[in-house]
Amino acid sequence: MRVLRIDSSAQTESGISRHLTDRVIANILDQGALSGVTIRDLATEPLPQVDAAWVDANTTPVAERTEAQASVLALSETLVGEIEDADLLVIGTPVYNFSVPASLKLWIDQICRARRTFAYTENGPQGLMTGKSAIVCFVSGGTPFASDIDFASGYIRHILGFIGITDVHFAVADRRFMDDEAIARAEADVDRITRDLSARSANAA
């Protein structure tokens, strides 16, 4: 199983979402299902904002792009390639002000591209990054998971589905400032999800 690990917590040493993504990788390794990991740390290697030159390059047909436009999209192509090469995306996200960190939103803006990761069809948008799974390690201080003030989990699920990744699993440590058992429950989520995905991978081999 080839894994793309994406961390977005600003807490590079003590972030709980990073603790959970560590656990995902360790479990898959212990289960003998890991064939490679690509790490994309959005806090220590921040991505640029999409600008006018990026939009112009992205909306220009591939055959008509100049070398300068191709250069503008080079980082985005690398990020999309990391998704293409992965069987499993592992995304660690804390909830900042009821939504995802800005660093994760910048990654989303770079990889959601018409004709590259999704296509507009007569039946509506169709995701092109199919055949993959995702584990989202969701951590909040006070926001209940899937509540009407949680603008993070539904958004991530929608974005992943929009590009074709519909097999999405959440390991949830929500309201952890008010619930001493939140982290333990999330660890149990990780253990269950990775066990199930590793078994599925072995059966498909």
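Residues numbered from 1 in each chain as written. Predicted model: local features only at pLDDT ≥ 70, side-chain atom pairs only at ≥ 80, totals over all residues. Heavy atoms only, no water.

Colleague: Would you mind going over the sheet that holds strand S3 (residues 88-94) in detail, with residue names and values included?
Modeller: Spatially, S2-S1-S3-S6-S7 is the arrangement adopted by the five strands of the open sheet, whose pairing is parallel. Lying at the two open borders of the sheet, with one neighbouring strand each, are strand S2 (36-41) and strand S7 (167-173). Averaged over all neighbouring strand pairs, the angle between strand axes comes to 15°, with direction disregarded. Bridge count between strand S1 (residues 2-7) and S3: five bridges; the pairing is parallel. Paired with Arg5 across the two strands is Val90, which belongs to S3. Sheet contacts for helix H4 (residues 74-85): S1, S2 and S3; angle to S2, the most-contacted strand, approximately 145°. (Pairing = 2+ DSSP bridges. Helix = DSSP H or I, 4+ residues; strand = E, 2+ residues; numbered from the N terminus. Axes fitted to C-alpha atoms, helices over the stretch in contact; angles between N-to-C directions. Contact = heavy atoms within 4.5 Å.)

Colleague: Describe the nonpolar core, with residues and values.
Modeller: In this structure, Ile83, Leu89, Leu104, Trp107, Ile111, Leu160 and Ile165 are the most contacted members of the largest nonpolar core, which totals 31 residues. For this core, the secondary-structure elements that each account for two or more residues are S1, H4, S3, helix H5 (102-111), strand S6 (133-139), helix H6 (153-162) and S7. For this core, the element with the most residues is H5, which contributes five residues. Residues Leu20, Ala33, Leu88 and Ala186 belong to the second largest nonpolar core, which totals 19 residues. (Core = buried A, V, L, I, M, F, W, Y, C linked by side-chain atoms within 4.5 Å. Buried < 20%, exposed > 50% of the residue type's maximum accessible area, 1.4 Å probe, protein only.)

Colleague: Provide a residue-level description of the packing of helix H1 (residues 16-30) against helix H7 (residues 182-204), including the pertinent values.
Modeller: Viewed as axis vectors pointing N to C, H1 and H7 meet at an angle of 30°, and their least axial separation amounts to 9 Å. Viewed along their axes, H1 and H7 adopt a mutual orientation that is roughly parallel. Crossing of H1 over H7 shows right-handed handedness. Where H1 abuts H7, its residues Ile16, His19, Leu20, Arg23, Val24, Asn27 and Ile28 lie against Ile183, Ala186, Glu187, Val190, Asp191, Thr194 and Ser198. Its residues assigned to classes, the contact of H1 with H7 shows seven nonpolar, four polar and three charged. (Parallel < 35°, antiparallel > 145°, perpendicular 65-115°, else oblique. Left-handed = near helix turned anticlockwise from the far one by under 90°. Nonpolar A, V, L, I, M, F, W, Y, C, P; charged D, E, K, R; others polar.)

Colleague: Requested: an account of the side chain of Ser76, with residues and values cited.
Modeller: Secondary-structure assignment places Ser76 in helix H4. Ignoring anything within four residues of it in the chain, the contact list for Ser76 reads Trp54, Gln110 and Arg113.

Colleague: Requested: an account of the packing of H4 against H5, with residues and values cited.
Modeller: Viewed as axis vectors pointing N to C, H4 and H5 meet at an angle of 90°, and their least axial separation amounts to 9 Å. When the axis of H4 is compared with that of H5, the two are roughly perpendicular. In contact with Ser76, Leu79, Val80 and Ile83 of H4, H5 contributes Trp107, Gln110 and Ile111.

Colleague: So, the pairing of strand S5 (residues 124-127): which residues are in play, and what are the values?
Modeller: Sheet topology note: the strand S4 (residues 118-121)/S5 ladder contains four bridges and is antiparallel. The residue bridging Ala119 from the neighbouring strand is Gln126, located in S5. The hairpin turn running from S4 into S5, its antiparallel successor, is two residues long.

Colleague: Quick one: what's the story with unusual backbone geometry, residue by residue and with numbers?
Modeller: Located in the positive-phi region is Arg115, a residue other than glycine, with phi close to 75°. Its location among the elements puts Arg115 in the loop between H5 and S4. By relative accessible area, Arg115 is classed as exposed at 56%.

Colleague: Lay out the pattern of salt bridges with the relevant residues and their values.
Modeller: Pairs can form between side chains of opposite charge once their charged atoms are near each other. One pass over the structure, following the stated rule, counts 15 salt bridges. Salt-bridge contacts for Glu82 lead to Arg40; the nearest nitrogen and oxygen are separated by 2.6 Å. With Glu82 in helix H4 and Arg40 in strand S2, this pair connects stretches of sequence that are 42 residues apart. By the burial criterion, Glu82 is buried, and Arg40 matches it. (Salt bridge = Lys/Arg side-chain N within 4 Å of Asp/Glu carboxyl O.)

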